[in-house]
Amino acid sequence: MSAVNKKPETINEIILVTECEDGSPYIAPFGVRERDGLILIAPFRPSISLDNLLSGRRATINRTDDVRVFAGALTGRRNFPMQNKAGALVLESALAYKTLKLEKVEDDTQRPQLYFKVLKEETLKPFQGYNRAQAAVVELCVLVSRLNMLPIEKINSEIDYLRIAIEKTAGDKELEAWAWLVEAVENHRAQLSGANVA
Ligand SMILES: Cc1cc2nc3c(=O)[nH]c(=O)nc-3n(C[C@H](O)[C@H](O)[C@H](O)COP(=O)(O)O)c2cc1C
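Here the structure is a predicted model, which is why all the values come from computation and not from measurement.

Rules and cut-offs
- Residues numbered from 1 in each chain as written.
- Predicted model: local features only at pLDDT ≥ 70, side-chain atom pairs only at ≥ 80, totals over all residues.
- Heavy atoms only, no water.
- 1 Å grid on protein atoms, 1.4 Å probe; cavity = no way out; pocket = protein on both sides within 12 Å on 5 of 7 lines; lining within 4 Å.
- Points joined across faces, edges and corners; volume = space filled by probe spheres on them.
- Helix = DSSP H or I, 4+ residues; strand = E, 2+ residues; numbered from the N terminus.
- Nonpolar A, V, L, I, M, F, W, Y, C, P; charged D, E, K, R; others polar.
- Domains from an automatic or database assignment.
- Phe/Tyr/Trp six-rings, centres within 6.5 Å; stacked < 30°, edge-to-face > 60°.
- Buried < 20%, exposed > 50% of the residue type's maximum accessible area, 1.4 Å probe, protein only.
- Lys NZ or Arg CZ within 6 Å of the ring centre and 35° of its normal.
- Pairing = 2+ DSSP bridges.
- Contact = heavy atoms within 4.5 Å.
- Buried area = accessible area lost by both parts, 1.4 Å probe.
- Salt bridge = Lys/Arg side-chain N within 4 Å of Asp/Glu carboxyl O.
- Polar contact = N/O pair within 3.5 Å; in protein donor to acceptor, adjacent residues only side chain to side chain.

1. A word on the layout of surface pockets
Its volume calculated, the largest pocket comes out at about 1,000 Å³. Along the wall of the largest pocket there are 31 residues; nearest its centre are P29, F30, F44, L74 and S145. Of all the secondary structure elements, the ones that give two or more residues to the lining of the largest pocket are β1 (12-19), β2 (25-35), β3 (38-41), α1 (48-56), α2 (68-74) and α3 (132-144). At six residues, β2 tops the list of elements feeding residues into the lining of the largest pocket. Residues of the lining of the largest pocket, tallied by class, amount to 21 nonpolar, four polar and six charged. Domain assignment of the residues forming the lining of the largest pocket places at least three in each of domain 1 (12-123) and domain 2 (132-197). Along its surface, the second largest pocket is lined by 29 residues, and N12, E13, I14, R63 and T64 are the ones closest to its centre. Of all the secondary-structure elements, those providing two or more residues to the lining of the second largest pocket are β1, β2, β4 (58-64), β7 (94-106) and α3. Among the elements that make up the lining of the second largest pocket, the one with the highest residue count is α3 (five residues). Its residues assigned to classes, the lining of the second largest pocket shows 14 nonpolar, six polar and nine charged.

If you want it as C-alpha cells, here you go:
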C-alpha cells in the first residue's frame, strides 16, 4: 500500500516520563499511537528518552493540559513537580497516566519503533475541553523541536498565525509557555543573523 493510501493513525501528543540511570525522572514530549493493542513510540536517534527506554524498559505516559511542560522540555526547563503513584513517575499536572512495559523493538538506525504493553491506567482530573491556545503552544513546540530543519520564513509565518489563538484564548500558563518558545525562536534568529554577518 502506498503512503498516500495508508489508513491514518491517530497520534496523541503526550509527555513521556522515563527514568535515568541515577533514578531521576526525564520528561520529553512524544507523539504516540496505538497499534495492534500496543502503544507505539518512535524516537529519532539520538535520544535520552530512547536510551532510558532501552535500559529501563518502562515509562509513563502523561496526559497533561499544562502546556508549560511541553514548552519547558524543549527549552531546558525540565523541573516540573512529580508525584509517585505506586512506583510510577507521574506529573503533578497529569489528567491521566498509563504505565508502560517495553514488549518489542523494531530497530532502525534513524528511528526505531518501540512497542509497549499498558500495565495500568488511571484518570486523575477531568478534561476541561479543547483550548486553542494550548493547541497553538503544542504546534509551536513542534516547530521549535525542528528549528534547524525548517526555513525561518516558515517559522515566522506559522507564529503569526498561531498567535491569533494565543491572543484570543490563552491563560497564564499558555502565555508563559508561549514566551519561552518565542524566546527560543528569537535566539535561533539571532544565531542565523550572526552566522550571516560572519
Ligand atoms: C508534540 C511533540 C511531539 C513529538 N514527538 C516526537 C516523536 O514522536 N519522536 C521523536 O523522536 N521526537 C518527538 N518530538 C521531539 C522530542 O520531544 C524532542 O526532540 C526530545 O528532546 C527527544 O529527545 P530526548 O529524548 O533526547 O530529549 C516531539 C516534540 C513535540 C513537541
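2. Side note on the packing of aromatic side chains
A complete count under the given rule lists one aromatic pair for this structure. Considering the side-chain rings of F127 and Y130, the 5.4 Å spacing of their centres and the 80° angle between planes classify their relative orientation as edge-to-face. For Y130, a relative accessible area of 82% translates into the label exposed. Between the NZ or CZ atom of K104 and the centre of the ring of Y115, over which it lies, the distance is 4.4 Å.

3. With respect to the pairing of β7
Alignment of β4 against β7, held across seven bridges, turns out to be antiparallel. Note that in β7 the partner of A59 across the bridge is L100. Two elements, β7 and strand β8 (residues 113-123), share 10 bridges in a ladder whose sense is antiparallel. Its bridge partner lying in β8, A96 is registered against T123.

4. Some thoughts on the domain arrangement of the protein chain
Per the domain assignment, the segments of the protein chain are domain 1 (12-123) and domain 2 (132-197). Placing the centre of domain 1 and that of domain 2 at their C-alpha centroids yields a distance of 24 Å. Listed as interface residues are 12 residues of domain 1 and, on the opposing side, 14 residues of domain 2. Between domain 1 and domain 2, a total of about 1,100 Å² is buried, with carbon and sulfur atoms accounting for 77% of that surface. By the criterion of area lost to domain 2, the three top residues of domain 1 are V67, R68 and L74, representing 48% of everything that side buries. The interface formed by domain 1 and domain 2 holds two salt bridges in total. Notably, a salt bridge pairs R68 with E176, separated by 3.2 Å at the nearest N-O pair. At the boundary of domain 1 and domain 2, one finds two residue pairs in polar contact (both at pLDDT 80 or more). Per element, the largest residue contribution to the side of domain 1 that touches domain 2 is five residues, and it comes from α2. Here the side of domain 1 that touches domain 2 is composed, by residue class, of five nonpolar, two polar and five charged.

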